[in-house]
Amino acid sequence: MSETQSKLWFSGVAYIPYAVLAYGYNWLANGNDHDLTVAVVVLLGGRLVYALIDNMTAAVAWRVHGRKRAVDAFLKLMRENRMPRRESPTESLGSYLNYLDSDDANNSAIRSAARQIATIIEQSHHEGLMGGSRVEKAARDAYERYQDELPAFRLPDWIRSE
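Keep in mind that this is a model prediction, so the values were computed, not measured. (Residues numbered from 1 in each chain as written. Predicted model: local features only at pLDDT ≥ 70, side-chain atom pairs only at ≥ 80, totals over all residues. Heavy atoms only, no water.)

Would you mind showing me how to read the packing of helix α2 (residues 16-28) against helix α3 (residues 33-80) here?
Axes are the key here: two packed helices are described by the angle between their axes and the distance separating the axes. Contact geometry of α2 with α3 gives a least axis separation of 9 Å together with a crossing angle of 140 degrees. As summarised for this structure, α2 and α3 are arranged oblique, according to the angle between their axes. For the crossing formed where α2 meets α3, the hand is right-handed. Across from Tyr18, Leu21, Ala22, Tyr23, Tyr25 and Asn26 in α2, the residues of α3 making contact are Asp35, Leu36, Ala39, Val40, Leu43, Leu44 and Arg47. When the residues that make up the contact of α2 with α3 are grouped by side-chain class, the tally is 10 nonpolar, 1 polar and 2 charged. (Axes fitted to C-alpha atoms, helices over the stretch in contact; angles between N-to-C directions. Helix = DSSP H or I, 4+ residues; strand = E, 2+ residues; numbered from the N terminus. Parallel < 35°, antiparallel > 145°, perpendicular 65-115°, else oblique. Left-handed = near helix turned anticlockwise from the far one by under 90°. Contact = heavy atoms within 4.5 Å. Nonpolar A, V, L, I, M, F, W, Y, C, P; charged D, E, K, R; others polar.)

Right under this line is the structure:
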């Protein structure tokens, strides 16, 4: 919660220069209160439009190129360290990484790679909600691709394949 409060605080502080700039414009133009309000709305509205454009371009860049690079990087890390296959098709990425990190039977390179993947995911969540969920989804996709020898979809036990 304190991290969210900190981000909100810095976001609020970031608008102070806009208010000062609007007040300075109003003072130079010998404007009244209405002119100051218009100047503040125009500057903050421009900042909002810039933020929307920035977020849209980041989303497009992620979909076009970033996601593929992230999945490839996670796959490369898993393949280079020859991480073992999961024990169960229902095992999640988090439990898989925790198991590898805590298992003393694994070699140190595998434990280090598991810690590295978990750290990358954790750090991405500190960068923001959207970025964190994107990186975590890319890691899950890489995990599923790496585990491709197991079926991605498992039929219920009561359905028997012949």
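Got a minute to help me understand the pattern of salt bridges in this structure?
When charged atoms on two side chains of opposite charge get close, those side chains can pair. Using the criterion set out here, one finds 6 salt bridges in the structure. As a salt-bridge pair, aspartate 101 and arginine 115 come within 2.6 Å of each other at their nearest N and O atoms. Taken as a pair, aspartate 101 in helix α4 (residues 93-102) and arginine 115 in helix α5 (residues 108-127) lie far apart in primary sequence, 14 residues in all. Classification of arginine 115 as partly exposed rests on a relative accessible area of 43%. Note that lysine 137 is salt-bridged to aspartate 141, the shortest N-O span being 3.3 Å. Here the residue lysine 137 and the residue aspartate 141 both occupy positions in helix α6 (residues 129-146), the gap between them amounting to 4 residues, near one helical turn. (Salt bridge = Lys/Arg side-chain N within 4 Å of Asp/Glu carboxyl O. Buried < 20%, exposed > 50% of the residue type's maximum accessible area, 1.4 Å probe, protein only.)

Would you mind showing me how to read α6 here?
Counting along an α-helix, one turn takes 3.6 residues, and residues three or four places apart therefore face a common direction. Taking 1.5 Å of rise per residue, the 18 residues of α6 would be expected to cover 26 Å, and the 26 Å separating its terminal C-alpha atoms lies within 8% of that figure. Buried residues of α6: Gly132, Arg134, Val135, Ala138, Ala139, Asp141, Ala142, Tyr143 and Tyr146, and no others. (Expected span 1.5 Å × (residues − 1).)

Honestly, the packing of aromatic side chains in this entry has me stumped. Any pointers?
How two aromatic rings sit relative to each other is set out by the distance from centre to centre and by the angle between their planes. As enumerated under the stated definition, the model contains 1 aromatic pair in all. Across from the ring centre of tyrosine 146, 4.6 Å away, lies the NZ or CZ of arginine 85, which sits over that ring. (Phe/Tyr/Trp six-rings, centres within 6.5 Å; stacked < 30°, edge-to-face > 60°. Lys NZ or Arg CZ within 6 Å of the ring centre and 35° of its normal.)

Whenever I open this one, the environment of alanine 39 confuses me. Can you help?
Within the secondary structure layout, alanine 39 lies in helix α3. The spatial distance from the C-alpha of alanine 39 to the C-alpha of glycine 24 is 9.8 Å, given a sequence separation of 15 residues. Alanine 39 has contacts with Ala22 and Tyr25, leaving out every residue within four places of it along the chain.

Help me out: how do you make sense of the nonpolar core in this one?
Soluble globular proteins tend to pack their nonpolar side chains together in the buried interior. Counting residues in hydrophobic clusters, the biggest one holds 23 residues, and the most contacted among them are Met83, Leu93, Tyr96, Leu97 and Ile117. Of all the elements in the fold, those that place two or more residues in this core are α3, α4, α5 and α6. Sorting elements by how many residues they give to this core places α3 first, with 7 residues. Leaving out residues up to four positions away in the same chain, leucine 97 has contacts with Met83, Ala114, Ile117 and Ala118. (Core = buried A, V, L, I, M, F, W, Y, C linked by side-chain atoms within 4.5 Å.)

Would you mind showing me how to read the side chain of serine 124 here?
Checked against the element boundaries, serine 124 lands in helix α5. Residue serine 124 is classed as buried on the basis of its relative accessible area, which comes to 8%. Side-chain polar atoms of serine 124 contact the backbone oxygen of isoleucine 121, separated by 2.6 Å. Setting aside chain neighbours within four positions, we find serine 124 in contact with Gly131, Gly132 and Val135. (Polar contact = N/O pair within 3.5 Å; in protein donor to acceptor, adjacent residues only side chain to side chain.)

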